[in-house]
Amino acid sequence: MFVEKGFSRVPFDSVADCYIINTCSVTNTADAKSRKMIRKAIKMNPDAFVGVMGCYSQAKPDEVSKIIGVNAVIGNNHKKEMVELVLNNKVDECYVDVKDILRDTTYEDLMSFEFEHTRAFLKIEDGCDNFCSYCIIPYTRGRVRSKPYKDVLKEIQGIVYKGYKEVVLSGIHTGKYRDNDVNLSALVKMIVNEVKGLRRLRLSSIEINEIDDEFLEMLQNEKVIAKHLHLPLQAGSDEILKLMNRKYDTNYFYEKVQKIRNACKDISITTDVIVGFPTETDEQFNESLEFIKKVRFSGIHVFPYSKREKTKAALMTQVKDQVKDNRVKELMNLSKELEAEYAQKFVGKTLDIIVENTHEEYLVGHTTNYLKVLIPKMTDFIGKDIQVKIEKYEYPYCYGKVVEE
Ligand code: SF4
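Residues numbered from 1 in each chain as written. Predicted model: local features only at pLDDT ≥ 70, side-chain atom pairs only at ≥ 80, totals over all residues.

J.: With reference to specific residues and values, describe the domain arrangement of the protein.
T.: Segmenting the protein into domains produces domain 1 (3-99), domain 2 (113-226), domain 3 (228-256 + 267-345) and domain 4 (350-404). For domain 3 versus domain 4, the separation of C-alpha centres amounts to 31 Å. With eight residues of domain 3 at the contact, the number on the domain 4 side is eight residues. With five residues, the single largest contributor to the side of domain 3 that touches domain 4 is helix α12 (residues 321-344). Taken together, the residues that form the side of domain 3 that touches domain 4 break down as three nonpolar, three polar and two charged. (Domains from an automatic or database assignment. Contact = placed C-beta atoms within 7 Å. Helix = DSSP H or I, 4+ residues; strand = E, 2+ residues; numbered from the N terminus. Nonpolar A, V, L, I, M, F, W, Y, C, P; charged D, E, K, R; others polar.)

J.: Can you tell me about the sheet that holds strand β3 (residues 72-74), naming the residues and giving the values?
T.: A sheet is described by the order of its strands in space; here four strands give the open sequence β1-β2-β3-β4, paired in parallel fashion. Of all strands in the sheet, those with a lone pairing partner are β1 (18-23) and β4 (95-97), marking the two edges. For this sheet, the mean inter-axis angle between neighbouring strands, taken without regard to orientation, is 10°. As judged from the two bridges shared by strand β2 (residues 49-54) and β3, these two strands associate in the parallel manner. Looking at the pairing, Gly-51 lines up with Ala-72 of β3. Strands β1 and β2 of the sheet are contacted by helix α1 (residues 28-44), whose axis makes an angle of about 180° with β1. Against the sheet, helix α4 (residues 81-88) makes contact with β1, β2, β3 and β4, and its axis sits at roughly 170° relative to β2, the strand it touches most. (Pairing = 2+ DSSP bridges. Axes fitted to C-alpha atoms, helices over the stretch in contact; angles between N-to-C directions.)

J.: I'd like a description of the packing of helix α8 (residues 213-221) against helix α10 (residues 250-263), backed by residues and values.
T.: Relative to each other, α8 and α10 sit at 35°, their axes nearing to 9 Å. Residues Leu-216, Leu-219 and Gln-220 of α8 touch α10, and the partners they reach there are Lys-259, Ile-260 and Ala-263. Residue composition of the contact of α8 with α10, grouped by class: four nonpolar, one polar and one charged.

J.: Go over the nonpolar core with me, naming the residues and quoting the values.
T.: Judged by nonpolar contacts, the single largest core of 75 residues is most densely connected at Val-52, Tyr-134, Val-167, Ala-235, Met-244, Ile-274 and Phe-277. With residues near it in sequence (within four places) discarded, Ala-235 still touches Ile-240, Leu-241, Met-244, Val-273, Ile-274, Phe-277 and Ser-288. Val-355, Leu-363, Ile-375 and Cys-398 belong to the second-largest nonpolar core, a separate cluster that totals 16 residues. (Core = buried A, V, L, I, M, F, W, Y, C linked by C-beta atoms within 7 Å. Buried ≥ 20, exposed ≤ 12 C-beta atoms within 10 Å, placed from the backbone.)

J.: Go over the site of the ligand, please, and point to the residues and values.
T.: Inspection of the region around the ligand gives Cys-128, Asn-130, Phe-131, Cys-132, Cys-135, Ile-137, Pro-138, Ile-172 and His-173 as its neighbouring residues. Split by residue class, the shell around the ligand holds seven nonpolar, two polar and no charged. (Near = placed C-beta within 6 Å.)

J.: Quick rundown of unusual backbone geometry? Include the residues and the values.
T.: The step from Tyr-395 to Pro-396 runs through a cis peptide bond, and the omega angle for that step is 0°. At Tyr-370, a residue that is not glycine, the phi angle is positive and equals roughly 65°. Mapped onto the elements, Tyr-370 comes out in the loop between β17 (362-366) and β18 (372-376).

Shown next as structure tokens:
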């Protein structure tokens, strides 16, 4: 929208007339990083217009507006407002517009793509109604709202015409996508059947209990759907899962993973795990470790629990930071082991990759199951689908040889 109004985008580290900082508030670290970015922008050009939006603005507008040099603070679901504010630039003191997002039922359509080499991210949904006891997101993003399916189809077709090979569907709680009677599986089916020329469709993350049989059937039969699912587990102890207000137990999770693997043998299944959730004992953490080993994820994003105001878990007995740090290390080591174990299975096999970019003396691309593959540099391959024989794995890359263009 800014570009349409004649602005041009410059790297964040350069002096600009206007800085828009889209903040995150998922953890305390995210809040701190958001503040750091705001201060950095003000320091780089004290005369610039500094506008702050996103989840930190939504959660703590007073805190943001007190930072000297901030000109505007905008909440979620009306980010478009920022363009007019900058154009008018009449704000003498800090302008704050943050509404009660829990009452908002509209989907603010920002045509929000993000491009990364050959891959485009398309947001199709916002908000979450789950209220996991540790999570601030429902308070900063509001209720589930979805982009109309016709717009999704049109925009993906446009992305493919621009030359992008892969589209990642993203959202806050993507599995809850719904436009009248079109749910996520129906949407994916339409994308697969109606968008011409799309090479790969990936889901950013989906809850285990939102994978239905229709989706599994597509996963099994449609080559275009990436053979990688990111299924947030959060904890492998049933007691902790209950306290977290997650909607499954470990039994359900395990059975469903088996069902997914029966439909799609070599699929990569990655996950998120929070360690040091309030009251988590050593025993419960060990239970989590054992469960994770049993599932054999192909990668884990590990998060130390972060206390968020307004949430139920903030009122529970907290785990010491030192204990959390030790658990993070232990789980990250396990993640590395599991990652290597999964990748090693593909050594000697021939896989398709979409070549994305260069990496030192290599070209780099991903397979459908999200293995990161390096091949000798041949620049004319960027953007192409090629077949590669995997020769070895050295954390975190597979190394391959081109067998066929
Ligand atoms: S489902 Fe995800 S976004 Fe929603 S409350 Fe739980 S962790 Fe937060």
